[in-house]
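# Observations on the model geometry
Each chain, letter by letter, is given below.
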Amino acid sequence: MQRYLSKINHKKIFDYLIQLLIVFAGVYAAFLLDDVKTQQRNQRKRIQIYQSLLKQAEQDSIEMSEAFSMLDSVVITPYLTAHEKGLMPTLKPIFLGSASYSTRTWEAILATGGLDVLDLKLIEDMEAYYLQVHNLIDRMKKMEMLCIQQLLPNFNKEKIEFYDLKTKKLNEKYKWYMQSLELIQEISKALLEENDKLLRSLRSQLK
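Rules of the game
Residues numbered from 1 in each chain as written. Predicted model: local features only at pLDDT ≥ 70, side-chain atom pairs only at ≥ 80, totals over all residues. Heavy atoms only, no water. Helix = DSSP H or I, 4+ residues; strand = E, 2+ residues; numbered from the N terminus. Buried < 20%, exposed > 50% of the residue type's maximum accessible area, 1.4 Å probe, protein only. Contact = heavy atoms within 4.5 Å. Areas by Shrake-Rupley, 256 points an atom, 1.4 Å probe, with all protein chains shown as cover. Axes fitted to C-alpha atoms, helices over the stretch in contact; angles between N-to-C directions. Parallel < 35°, antiparallel > 145°, perpendicular 65-115°, else oblique. Left-handed = near helix turned anticlockwise from the far one by under 90°. Nonpolar A, V, L, I, M, F, W, Y, C, P; charged D, E, K, R; others polar.

The next subject is the overall build of the protein. For the protein, the helix and strand inventory stands at 5 helices and 2 strands. Mapped in sequence order, the helices and strands of the protein form the string α-α-α-α-β-β-α. A burial count over the protein gives 28% of its 207 residues as buried. Counted over contacts in the protein with a minimum sequence separation of 6, partners at least 24 positions apart contribute 79%. Surface accessibility of the protein: about 14,100 Å² in total, with carbon and sulfur atoms responsible for 58%.

Here it is, written out as structure tokens:
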């Protein structure tokens, strides 16, 4: 009788272990399925973000190339070239107007979980890229302010106002003009290179 009861108890324990194993397997399978679905959602979100960033970067490339090309050909290169030749070219004012750059799309991406699905290197590259954009705009705004404050009120004055006629170098008061042109040209070229690198990186993620 004792043996019989012992067999029954063993059978119950065995049945219980089987049921427990089935439950565990079901929970684990559900967990795996949920993880797969999460990965799929993250992948779709990642692709959408890359597409959005690529669209913005392509638009930036077109607009910046056009703006920098015009500024360089009309103001920067003609002035720097003439100055190198020992001439005393006219100081043309630069106006930024209402030009600005919005990073709302990027901020929205980060605020809605972009940090969780994007590669850390890409996030760092994007932050560095946007920082350069704002650095350029800030530099141009500072030059615009100097043009308004110092250049425009004296715009119609003789060369002696702007240059040392013996050395043909800019007077101390206006040295900021050439320094600003050189800096804007340097930042602009670096920014276009960063934009090109960003485009290649985003396109490679979408292949």
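Past the structure itself, the notes keep going.
Turning our attention to the packing of helix H3 (residues 120-151) against helix H5 (residues 175-205). Describing two packed helices takes the angle between their axes plus the distance from one axis to the other. Where H3 contacts H5, the axes come no closer than 10 Å and their chain directions differ by 155°. If you check the angle between H3 and H5, you find them roughly antiparallel. Between H3 and H5 lies a crossing whose hand is left-handed. A per-class count over the contact of H3 with H5 returns 20 nonpolar, 6 polar and 2 charged.

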